[in-house]
Amino acid sequence: MAHGKIRRIVLTAIVVLVLAGAVVFFFRPAALLVETAQATRGPMEVTVNEQGETRVHDRFVVSSPVTGRLMRVDLQDGDAVQQNEVVARIEPVPLSRREREEVYARVQAAEAALRQAKAREAHARKDLAQIRRDRDRAEQLAKNGVISAQVLEQARNADLTAKDELNAAESSVQQAISEEKIARAGLLGTDVSGNPPLIELHSPIQGRVLRVMEKSERVVSMGAPIVILGDSKKIEIVTEVLSTDAVKIHPGDSVWIDGWGGDHPLRARVRLVEPYGFTKISALGVEEQRVNIISDFVEAQEALGDGYRVETHVIIWSSQDVLRVPISTVFRRGQGWSVFVVTDNRARVKDVEIGHRNESEAEILSGLREGEQLVDHPPSEISDGMRVRTR
């Protein structure tokens, strides 16, 4: 009897334990289904991405030097013009005494602008000569291992920038010469009596007609724009960026251009970060301080014209070998950053230190190893130690 009673008690205990185990097994929380990503090593870039617009590097507006009757302009948008080619003709009207004084003052202002442009050209030429001597010294020092490759690259970029400044200064001189000719052309209409001869307006450059502002014959006032000219082979990119991003961009930075209509990205290089900002209202009605970034194509692009829209990506940092993870795997925890690492089908929280970030990736400085599996887009119900199963 005693042995039978003990046997029944043991059997009952075993049945209870089995039932309890079954209840725990069937009613335990199911493993959370998650997506995973991997920590990998490779190249990474941080860019400033904005829409940009192409424009002719040097554009010239041919304006009427006097008030008179404009003869019909035969040129069409896109027509090629030669330097000193006649682009428009104007029959001036006799000028009053006050108007004659204004013309003389305009001539004096044009002469002063020409002197200033020539002084700027001479200064830019001297700067270029000095910078090229500095570049030659940097080349020699780099061969001897005295300076780093970065310092040599800065010297070469300074040479390119100085050359562009000289080209811009030379273009300013040509423009000032043209404006002086236009101002002096106004003197033809200073005779109060008689019929003054037709004033011929000449092209200051060899290039193309970007736009004909006044096509038909009509009376135009002094200073009215008639034709806009430019060299369509010299195209630059203007990108408006936030001032907080502009401080991270420097002349010489590489730029990738896409969204221009072609099947491959184009390369460009930052030439100038304009020293002044301006206020612009965003699409959401927010006031933003923006700065123009001027970039030049590395190779000539005949497919793009003036005023074309492009997508610009200015590279402000890059590395060929970093430990990186998708930006969607990291999240804030307190003052730092953390990730969920999948280990033995459980999600474990790990604190990490991140460095550079872009729109899709984050650089990991410490806390992870290459190849570790991370929870991508961690759901709100996940917690440390929770059982998970991956897709």
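Above: the structure in question.
Residues numbered from 1 in each chain as written. Predicted model: local features only at pLDDT ≥ 70, side-chain atom pairs only at ≥ 80, totals over all residues. Heavy atoms only, no water.

Colleague: In this structure, what is going on with the overall build of the chain? I would like to understand it.
Modeller: Looking only at helices and strands, the chain has four helices and 21 strands in total. The C-alpha atoms of the chain give 35 Å as radius of gyration, which overshoots the globular expectation for 391 residues (21 Å, by more than 25%). Here the C-alpha coordinates of the chain stretch approximately 150 × 60 × 35 Å along the principal axes. In the chain, which comprises 391 residues, the proportion classed as buried is 35%. Residue pairs at least 24 apart in sequence account for 77% of intrachain contacts in the chain once pairs closer than 6 positions are excluded. (Helix = DSSP H or I, 4+ residues; strand = E, 2+ residues; numbered from the N terminus. Rg over C-alpha atoms; globule rule 2.2 N^0.38 Å. Buried < 20%, exposed > 50% of the residue type's maximum accessible area, 1.4 Å probe, protein only. Contact = heavy atoms within 4.5 Å.)

Colleague: When you look at the pattern of salt bridges in this model, what are you seeing that I'm missing?
Modeller: When the charged atoms of two side chains lie near each other, side chains of opposite charge can form a pair. In the structure shown here, the tally under the stated rule is 25 salt bridges. Between Asp 136 and Arg 135 there is a salt bridge, and its shortest N-O distance comes to 3.2 Å. Look at Asp 136 and you get partly exposed, because its relative accessible area is 43%. Under the relative-accessibility criterion, Arg 135 is labelled partly exposed at 22%. One salt bridge in this structure joins Arg 156 and Glu 139, with 3.0 Å as the shortest N-O distance. With Arg 156 in helix H3 (residues 149–185) and Glu 139 in helix H2 (residues 97–143), this residue pair connects regions lying 17 residues apart in the sequence. Under the relative-accessibility criterion, Arg 156 is labelled partly exposed at 35%. Residue Glu 139 is classed as partly exposed on the basis of its relative accessible area, which comes to 23%. Within the structure, one salt-bridge network assembled from shared partners comprises Arg 55, Glu 236, Arg 271 and Asp 296. (Salt bridge = Lys/Arg side-chain N within 4 Å of Asp/Glu carboxyl O.)

Colleague: Got a minute to help me understand the sheet that holds strand S10 (residues 225–230) in this structure?
Modeller: Strand pairing in a sheet is mediated by backbone hydrogen bonds. Such pairs are either parallel or antiparallel. Across the sheet, which stays open at both edges, the four strands sit in the order S3-S10-S8-S5 with antiparallel pairing between neighbours. Here the strands that pair on one side only, and so sit at the sheet edges, are strand S3 (59–63) and strand S5 (80–81). (Pairing = 2+ DSSP bridges.)

Colleague: What's the story with the pairing of strand S14 (residues 287–297) in this structure? I'm lost.
Modeller: Successive residues of a regular strand alternate their side chains across the two faces of the sheet. Among the eleven residues that make up S14, nine are buried, leaving the element largely enclosed by the rest of the structure. As defined by bridge partners, strand S13 (residues 266–281) adjoins S14 across ten bridges and the pair is classed as antiparallel. When the sheet's bridge partners are listed, Gly 277 is paired in S14 with Val 291. Count of turn residues in the S13/S14 antiparallel hairpin: five residues, of which Gly 285 carries a positive phi of about 85°.

Colleague: Sorry if this is basic, but what is going on with the packing of aromatic side chains here?
Modeller: To describe a pair of aromatic rings, one takes the distance between the centres and the angle between the planes. Applying the stated criterion across every chain yields a total of one aromatic pair. Measuring from ring centre to ring centre gives 5.2 Å for Phe 331 and Phe 340, while their planes differ by 25°; the resulting arrangement is stacked. Since its relative accessible area comes to 21%, Phe 331 is described here as partly exposed. Relative accessible area serves as the criterion here: at 7%, Phe 340 is assigned to the buried category. (Phe/Tyr/Trp six-rings, centres within 6.5 Å; stacked < 30°, edge-to-face > 60°.)

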